[in-house]
Amino acid sequence: MRNLIFTIVFATICSISAFAEAGYYYGEAQNGQIFFYQEDDNGKRTLLSPWWCYNNLSGYEDLLSQYGFSASNYYYTGNFVIPDYITWIDYEAFAAVVPFQDGGQYIDNEGLTSVTIPSSVTVIGSSAFASCTRLTSVTIPNSVTRIESSTFARCTRLTSVTIPNSVTFIGSSAFSECTSLRTIEIPNSVTSIGNNAF
């Protein structure tokens, strides 16, 4: 059962995210953790990073506190199950960023231990899982056609990736510095592989 805790109408286009646009913004809770997504007028639902929300949604920290969540939760952790109504995963959605001086500092996301990507997802943004150093395996659903640049870069414990035959494109540095990934099967459907993809 969906546990919607707030809705924000956000009418301006934000330039930080590659995919987030004007529309309705939602915060929902699952397994003791809050997550955020944006829905546009065409029904596209994009999972956003908490850090992006912190920088772009007015009142973000107050909303977290109001509903009992830590205002210092700047990235997703634990065994994360992406809901099956999400269709896009945003740029750097699971990357770990913490406040630092006048901006943010990237750190390894050692808190994300597993992720379940539903078949509703068609796009996984660039660097979506970059530096998630405790991820050991990922299954990409056959709804996804592109693995963008640096999507899983620096996932140093990643040992297993399942790429479906729906994928036609693997971007540059998609799996770069995945030092534990010894073998990977690339389906015949892939027609383009970017520089330093592995």
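See the structure printed just above.
Residues numbered from 1 in each chain as written. Predicted model: local features only at pLDDT ≥ 70, side-chain atom pairs only at ≥ 80, totals over all residues. Heavy atoms only, no water.

**Remarks on the packing of aromatic side chains**
1) Next: Applying the stated criterion to the full structure yields 8 aromatic pairs.
2) Next: Between Tyr76 and Phe80 the ring centres are 4.8 Å apart and the planes differ by 45 degrees, which places this aromatic pair in the tilted class. The same class applies to Tyr76 as to Phe80, namely buried.
3) Next: Ring plane angle 0 degrees and centroid distance 5.4 Å describe the contact between Phe175 and Phe198, whose orientation is recorded as stacked. Of this pair, Phe175 sits in the loop between strand 14 (169-170) and strand 15 (192-193) while Phe198 sits in the segment after strand 15, and the two are 23 residues apart along the sequence.
4) Next: Given the relative accessible area of 2%, Phe175 is considered buried.
5) Next: Its end group placed over the ring of Trp88, Lys44 keeps NZ or CZ at 3.9 Å from the ring centre. (Phe/Tyr/Trp six-rings, centres within 6.5 Å; stacked < 30°, edge-to-face > 60°. Buried < 20%, exposed > 50% of the residue type's maximum accessible area, 1.4 Å probe, protein only. Helix = DSSP H or I, 4+ residues; strand = E, 2+ residues; numbered from the N terminus. Lys NZ or Arg CZ within 6 Å of the ring centre and 35° of its normal.)

**Observations regarding the nonpolar core**
1) Next: Ranked by internal contacts, the top residues of the largest apolar core, which has 45 residues, are Ile89, Phe94, Phe129 and Phe175.
2) Next: Elements that contribute at least two residues to this core include exactly strand 2 (23-30), strand 3 (33-39), strand 4 (45-48), helix 1 (50-56) and strand 9 (112-116).
3) Next: Broken down by element, this core gets its largest block of residues, 4 residues, from strand 3.
4) Next: Among the nonpolar cores identified, the runner-up in size contains 5 residues, and Trp51, Tyr75, Ala96 and Val97 belong to it. (Core = buried A, V, L, I, M, F, W, Y, C linked by side-chain atoms within 4.5 Å.)

**Examining the pattern of salt bridges**
1) Next: Applying the stated rule across the entire model yields 2 salt bridges.
2) Next: Where Arg45 meets Glu39, a salt bridge forms, and the shortest distance between an N and an O atom there is 3.5 Å.
3) Next: A salt bridge links Arg146 to Glu148, with the nearest nitrogen and oxygen atoms 2.9 Å apart.
4) Next: Judged by relative accessible area, Arg146 falls into the partly exposed class, the value being 37%.
5) Next: We classify Glu148 as buried; its relative accessible area is 16%. (Salt bridge = Lys/Arg side-chain N within 4 Å of Asp/Glu carboxyl O.)

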